[in-house]
Amino acid sequence: MAFELPPLPYAYDALEPTIDQETMTLHHDKHHKAYTDKLNEFVEGDSALQGKSIEEIMGALSGKPAGLRNNGGGYWNHDFFWKSMSGEGKQPSGALKDAIEAKWGSVDDFKEQFNAAGVGQFGSGWVWLIVGQDGELAITSTPNQDNPLMDVVDVKGTPILGNDVWEHAYYISYRNVRPDYLKAWWNVVDWDVAGQRYEAAKG
Ligand code: FE2
């Protein structure tokens, strides 16, 4: 059973003006589709991968080809990313908001640290809010399409939010100004979904 490109959970223009329709269309229909297709090629070529979930594949990448890591990560990361956003202007609440304030002082201070990690990720990659292996919230970044679920990364944990800092995520509207994209991205974060992920990770 091949992996399928999941549809966007909203319209291509739902995140305007923060993320423009053209970016969303290319990002989902071209980039995410390419990761999905290439992941399926690796699965077809390795019987040990067949029938495994994407989480199982990412948890056992050691010794596997770099292309499986890159395309499996690209497949999972983008699905997670689409589901992390909403055009409805959500605000942090509940246990996640409390935990962020306990850790960073305020939600604004947390956002500043997260954005700094996104700016500091050299080249292409991702910035994450995770529940780490110690059960605490943490900010981490990964190169390429790596993510904190992979057995081959240094900082592992359960992702709560992730922002894509590849240029393909922001170049049409923000050109080379990644810090502006990182700041604006909070307008479209789905804090309800993040809160549910946090409760599940802590539960
Ligand atoms: Fe991307």
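Coordinates for the structure precede this section.
Residues numbered from 1 in each chain as written. Predicted model: local features only at pLDDT ≥ 70, side-chain atom pairs only at ≥ 80, totals over all residues. Heavy atoms only, no water.

## Observations concerning the coordination of the iron ion
Link 1 in the chain: Here the iron ion is held by the protein donor atoms H27 (NE2), H78 (NE2), D164 (OD) and H168 (NE2), which lie 1.9 to 2.1 Å from it.
Link 2 in the chain: The coordination sphere of the iron ion comprises four donor atoms, whose angles at the metal cover 90 to 137 degrees; the geometry is irregular.
Link 3 in the chain: Counting the intervening residues between successive donors of the iron ion yields the motif H-x50-H-x85-D-x3-H. Highlighted residues: H78 in helix α3 (residues 66–83) and H168 in the loop between β3 (157–164) and α6 (171–174), separated in sequence by 90 residues.
Link 4 in the chain: Taking the relative accessible area as the measure of exposure, H168 reaches 18% and is therefore buried. (Donors = N, O, S within 2.8 Å, 3.2 Å for Na, K, Ca; no water. Tetrahedral: all angles 85-135°; square planar, octahedral: opposite > 155°, others 65-115°. Helix = DSSP H or I, 4+ residues; strand = E, 2+ residues; numbered from the N terminus. Buried < 20%, exposed > 50% of the residue type's maximum accessible area, 1.4 Å probe, protein only.)

## Some words on the sheet that holds β3
Link 1 in the chain: Judged by pairing direction, the sheet is antiparallel, and its three strands sit side by side in the order β2-β1-β3 without closing on themselves. In the strand order of this sheet, the two ends are held by β2 (137–143) and β3, each with one partner. Within this sheet the neighbouring strands show an average axis-to-axis angle of 30 degrees, counted without direction.
Link 2 in the chain: Examined bridge by bridge, strand β1 (residues 125–132) and β2 share seven bridges and lie antiparallel to one another. Residue W128 lies in a different strand from β2, and its bridge partner there is T140.
Link 3 in the chain: Contacts from helix α8 (residues 191–202) reach β1, β2 and β3 within the one sheet, and its direction differs from that of β3 by about 160 degrees. (Pairing = 2+ DSSP bridges. Axes fitted to C-alpha atoms, helices over the stretch in contact; angles between N-to-C directions. Contact = heavy atoms within 4.5 Å.)

These figures capture arrangement, not role.
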